Amino acid sequence: MFAQIPESMTRPKANGEPRIIAVANQKGGVGKTTTAINLATALAACDKRVLIIDIDAQGNASTGLGIDRRLRTVTAYDLFVGRAKAGDAVVPTSIPNLSLVSSSVDLAGAEIELVDMDRREYRLKDALGGLKDRFEYVLIDCPPALGLTTLNALVAADAVLVPLQCEFYALEGLSHLVRTIERVKRAFNPRLDIQGVILTMYDKRNNLSDQVAADVRAHFGEKVYETMIPRNVRISEAPSYGKPVLLYDMACRGSQAYIHLASEVLKRERRVSA
């Protein structure tokens, strides 16, 4: 039996509370982290106060934003085990308006530790208390799995952003994710919804990319963003320099795509809050 949904999960969010978006897909290599850090950078450039929470033990979002490991003293792991609240773990990045809660290798064992903890599905939500008025958007970069850490992100989130690689196998994984989101919505978080599906690694020279895009749009309709993130070597190079691609090469096709995506996201968010 699932736990009873807390009353706080059914009430509208109070003014000043951040909009929390989980960037999730249980399939690896679909562009979750790339989307999280570059969308966050674009939103910050639009004068939005943004926080990324890196809950993937690989810590790619932390590395991709150039956060030195020596600065990762209080991490997302501390939020899960109750050692800290999110406000204690926030570190600034070199990008104005953009902050980060970094990852830790300890997150690799968090799945096992969480099993016996009280309120194990709500650990992250509980830790995010106190962020009111500090940030407008919180993006949670999830690991490539649908375990307890990702479940915590879905319980804490208002919406899910799904990066989807333009290849055949990605469609199979998407149906599994959608079923998981529906179960979480029924059992833990009635507010949860799919904010949008982002088609990533699109290659216009590949007929399969067009077919996958057409199939996803036929199934999800307006949930799928018009902007598609192209395969672009500059996107691949940027993390090795500890920079989002928007800082590494503002003029490249990848950067321009994320700028357009941020514009679409903000338009959709305005409709949600209207």
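Scroll up a little and you will see the structure.
Note that the structure is a prediction, hence the values are computed from the model and not measured.

J.: It is not clear to me how helix α1 (residues 32-45) should be interpreted in this structure. Could you clarify?
T.: Since the α-helix packs 3.6 residues into each turn, any two residues three or four apart lie on the same face. Under the 1.5 Å per step criterion, the end-to-end length of α1 is 20 Å for 14 residues, consistent within 8% with the ideal 20 Å. The buried fraction of α1 amounts to twelve of the 14 residues, a majority that puts the element mostly inside the structure. The set of residues buried in α1 consists of Lys32, Thr33, Thr35, Ala36, Ile37, Asn38, Leu39, Ala40, Thr41, Ala42, Leu43 and Ala44. After α1 finishes, the residue Asp47 shows a positive phi value of roughly 70°.

J.: Explanation requested: the pattern of salt bridges in the structure shown.
T.: Between side chains of opposite charge, pairing is possible as soon as their charged atoms come close. Counted under the stated rule, the structure contains 13 salt bridges. Among the salt bridges present, the one from Lys27 reaches Glu167, with a minimum N-O distance of 3.1 Å. On the criterion of sequence distance, the pair formed by Lys27 in the loop between β1 (19-23) and α1 and Glu167 in the loop between β6 (159-165) and α8 (168-187) is long-range, its members being 140 residues apart. The exposure class assigned to Glu167 is partly exposed, which follows from its relative accessible area of 22%. What you see here is one network of salt bridges that share partners, running through Arg234, Glu237 and Asp249.

J.: What's the story with the environment of Glu121 in this structure? I'm lost.
T.: When you line up the elements, Glu121 lands in the loop between α5 (110-114) and α6 (123-127). Filtering out sequence-adjacent residues up to four positions away, Glu121 remains in contact with Leu151, Asn152, Val155 and Phe188. Engagement of the side chain of Glu121 in a polar contact is seen with the side chain of Arg120, the distance being 3.4 Å.

J.: Would you mind showing me how to read the nonpolar core here?
T.: The tendency in soluble globular proteins is for nonpolar side chains to be buried side by side. With 56 residues, the main nonpolar core has Ile53 and Ile140 as its most contacted residues. Ignoring anything within four residues of it in the chain, the contact list for Ile140 reads Ile20, Ile21, Ala22, Val23, Ile53, Ile55, Leu124 and Ala153. Judged by nonpolar contacts, the second largest core, of 35 residues, contains Ala42, Ala61, Ala238 and Val245.

J.: How should the state of the cysteines be read in this particular structure?
T.: Put plainly, a disulfide is one covalent bond tying together the sulfur atoms of two cysteines. Under the definition given, this model contains zero disulfides. For Cys46, which is in no disulfide, the shortest distance to another cysteine sulfur is to Cys252 and amounts to 17 Å. On the accessibility criterion, Cys46 (41% relative accessible area) is partly exposed.

J.: Can you help me understand unusual backbone geometry in this one?
T.: Most peptide bonds are trans, and most residues other than glycine sit at a negative phi. Not every positive phi belongs to a glycine, and Asp47 is a case in point at roughly 70°. Here Asp47 lies in the loop between α1 and β2 (50-54).

J.: I keep staring at the packing of α1 against helix α12 (residues 253-273) and nothing clicks. Help me out?
T.: Two quantities define a packed helix pair, namely the angle between the helix axes and the distance between the axes. The interhelical angle for the contact between α1 and α12, taken along N-to-C directions, is 75°, at an axis separation of 9 Å. Relative to α12, α1 is oriented roughly perpendicular. Across the interface between the two elements, Thr34, Thr35, Asn38, Leu39, Ala42 and Leu43 from α1 touch Tyr258, Leu261, Ala262, Val265 and Leu266 from α12. The residue makeup of the contact of α1 with α12, split by class, is eight nonpolar, three polar and no charged.

J.: I keep staring at a nonpolar patch on the surface and nothing clicks. Help me out?
T.: On the surface, Phe168, Tyr169 and Leu208 cluster together into a nonpolar patch covering about 330 Å² of accessible area. Exposure remark for Phe168: the relative accessible area of 47% places this residue in the partly exposed category.

Conventions used here
Residues numbered from 1 in each chain as written. Predicted model: local features only at pLDDT ≥ 70, side-chain atom pairs only at ≥ 80, totals over all residues. Heavy atoms only, no water. Helix = DSSP H or I, 4+ residues; strand = E, 2+ residues; numbered from the N terminus. Expected span 1.5 Å × (residues − 1). Buried < 20%, exposed > 50% of the residue type's maximum accessible area, 1.4 Å probe, protein only. Salt bridge = Lys/Arg side-chain N within 4 Å of Asp/Glu carboxyl O. Contact = heavy atoms within 4.5 Å. Polar contact = N/O pair within 3.5 Å; in protein donor to acceptor, adjacent residues only side chain to side chain. Core = buried A, V, L, I, M, F, W, Y, C linked by side-chain atoms within 4.5 Å. Disulfide = S-S within 2.5 Å. Axes fitted to C-alpha atoms, helices over the stretch in contact; angles between N-to-C directions. Parallel < 35°, antiparallel > 145°, perpendicular 65-115°, else oblique. Nonpolar A, V, L, I, M, F, W, Y, C, P; charged D, E, K, R; others polar. Patch = residues over 30% accessible without salt bridge, like charges linked within 9 Å, V, L, I, M, F, W, Y side chains within 5 Å. Areas by Shrake-Rupley, 256 points an atom, 1.4 Å probe, with all protein chains shown as cover.

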